[in-house]
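So you can see what is in the structure, the chains are spelled out below.
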Amino acid sequence: MSDAVQTPSQSQFTKRVFSGIQPSGGLTLGNYLGAVKRFVEMQQADYETLYCMVDLHAITVWQDPETLRFRTRELAAFFIASGLDPAKSILFNQSAVPEHAQLGWIFNCVARMGWMQRMTQFKDKAGKNAQNASLGLFGYPALMAADILLYHATHVPVGDDQKQHLELTRDIAIKFNHDFGVDFFPITEPVIGGPAARVMSLRDGSKKMSKSDPSDLSRINMSDDTDTIAQKFRKAKTDPDALPSEADGLEGRPEARNLVGIYAALGDETVDQVLADVGGKQFSEFKPMLVDRAVEKLAPISTEMARLMQDTTELDRVLKDGSQRARAIAAPILKKTYDIVGMLQS
Ligand code: TRP
């Protein structure tokens, strides 16, 4: 079903980018290189960009209310400090735009149980005790489809773990359009890939860098200070060989590939460009270069985040303005959706 051809009328949709991150935990270098850096790049191109703190998604698993509020602001600070400009991008938290939940309900009635049961993220997150998972966690991908389609977004930058959810978003759009005989929702394009789409653990190059890894040495947190960053890279797992001079030489060396990938992405270079430069060097020589580059890039971000978090009135004002701008796009699309479905509106 996901392979449906785009009809010519799909070109009626303006190029609009939507993406979201859950305000549910510590922010890592993986969030920066794998997601937000790309968000910033798309802001420069000729897209309209919306970036959302998806608090409604966060509560599909338990969140302490005060912590959730803090994390939502912290994520907003991270967005802004990383280069998302509230004048160019619409930055807001999901629950401030009630149309997300409203369209989410409609999509709960479009999506099929069988589709949802195939979602691997649900299976992973629910674990062995799926009977005890919230109904919200099961319906999570339908709400995600609503996030995207509420703005008729055409492009969605995400990590490759979200591919299946984007296919479901397409399936929901196709089924809705088909059931109601309309050409109303766009068939969204995932934007996946890039130099550092997957930042891996510093302790195990086959695992994704994650805020939930028990070892703090496995990740660089956006809040880490210079000494901590230096220490973590110094202790990062490597192999005994020198660096190759071409990307092919990283085959079968996941830790080396990860560190070179991080270095390249931080400096907006390709892996081949980096290796042309550092090929033949030992890790003892490369790691200090990596630390310098990481500190140079990350220190200004964490300083700016700390500044924004000191007085949250500016952040709250940005989010309020963002939610109003988001609503101005969302409300007419929801109204039209209700019309199509046959909801009587006064
Ligand atoms: N599920 C996404 C994640 O965990 C977060 C998300 C929610 C999202 N809604 C979205 C991403 C809409 C892109 C578009 O990373």
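So, here is what we can say about the structure in this document. (Residues numbered from 1 in each chain as written. Predicted model: local features only at pLDDT ≥ 70, side-chain atom pairs only at ≥ 80, totals over all residues. Heavy atoms only, no water.)

## Structural notes on unusual backbone geometry
- Positioned with a positive phi, His152 is a non-glycine residue whose angle comes to about 50°.
- Looking at where His152 falls in the secondary structure, it is placed in the loop between helix H7 (135-149) and strand S4 (155-157).
- Classification of His152 by relative accessible area gives buried; the value is 11%.
- Even without being a glycine, Asp268 presents a positive backbone phi close to 55°. (Helix = DSSP H or I, 4+ residues; strand = E, 2+ residues; numbered from the N terminus. Buried < 20%, exposed > 50% of the residue type's maximum accessible area, 1.4 Å probe, protein only.)

## Focus on the side chain of Thr188
- Along the chain, Thr188 turns up in the loop between helix H8 (163-179) and strand S5 (189-191).
- Using a relative accessible area of 3% as the deciding quantity, one classes Thr188 as buried.
- Side-chain polar atoms of Thr188 contact the backbone oxygen of Ala153, separated by 3.1 Å.
- When residues no more than four places from it in sequence are discounted, the contact partners of Thr188 are Ile148, Leu149, Ala153, Thr154, His155, Val156 and Arg170. (Polar contact = N/O pair within 3.5 Å; in protein donor to acceptor, adjacent residues only side chain to side chain. Contact = heavy atoms within 4.5 Å.)

## Remarks on the nonpolar core
- In this structure, Leu29, Phe79 and Phe233 are the most contacted members of the largest nonpolar core, which totals 59 residues.
- Residue contributions to this core peak at 11 residues, all from helix H12 (residues 283-310).
- Among the domains, domain 1 (10-197 + 312-341) and domain 2 (216-307) are the pair contributing at least three residues each to this core.
- Ignoring any residue separated from it by four or fewer positions in sequence, one finds Leu29 in contact with Gly34, Val199, Met209, Ile220, Met222, Phe233, Ile262, Leu266 and Leu298.
- If you look at the next biggest cluster of nonpolar residues, it comprises 47 residues, including Leu103, Phe138, Ala173 and Ile174. (Core = buried A, V, L, I, M, F, W, Y, C linked by side-chain atoms within 4.5 Å. Domains from an automatic or database assignment.)

## Section: the packing of helix H3 (residues 65-81) against helix H13 (residues 313-341)
- Two elements in contact, H3 and H13, have axes separated by 10 Å at closest approach and are oriented at 85°. Taken together, the axes of H3 and H13 are roughly perpendicular relative to one another. Between H3, through Arg73, Ala76, Ala77 and Ile80, and H13, the contact on the second element is made entirely by Leu315, Asp316, Val318 and Leu319.
- Per-class residue counts for the contact of H3 with H13 are 6 nonpolar, no polar and 2 charged. (Axes fitted to C-alpha atoms, helices over the stretch in contact; angles between N-to-C directions. Parallel < 35°, antiparallel > 145°, perpendicular 65-115°, else oblique. Nonpolar A, V, L, I, M, F, W, Y, C, P; charged D, E, K, R; others polar.)

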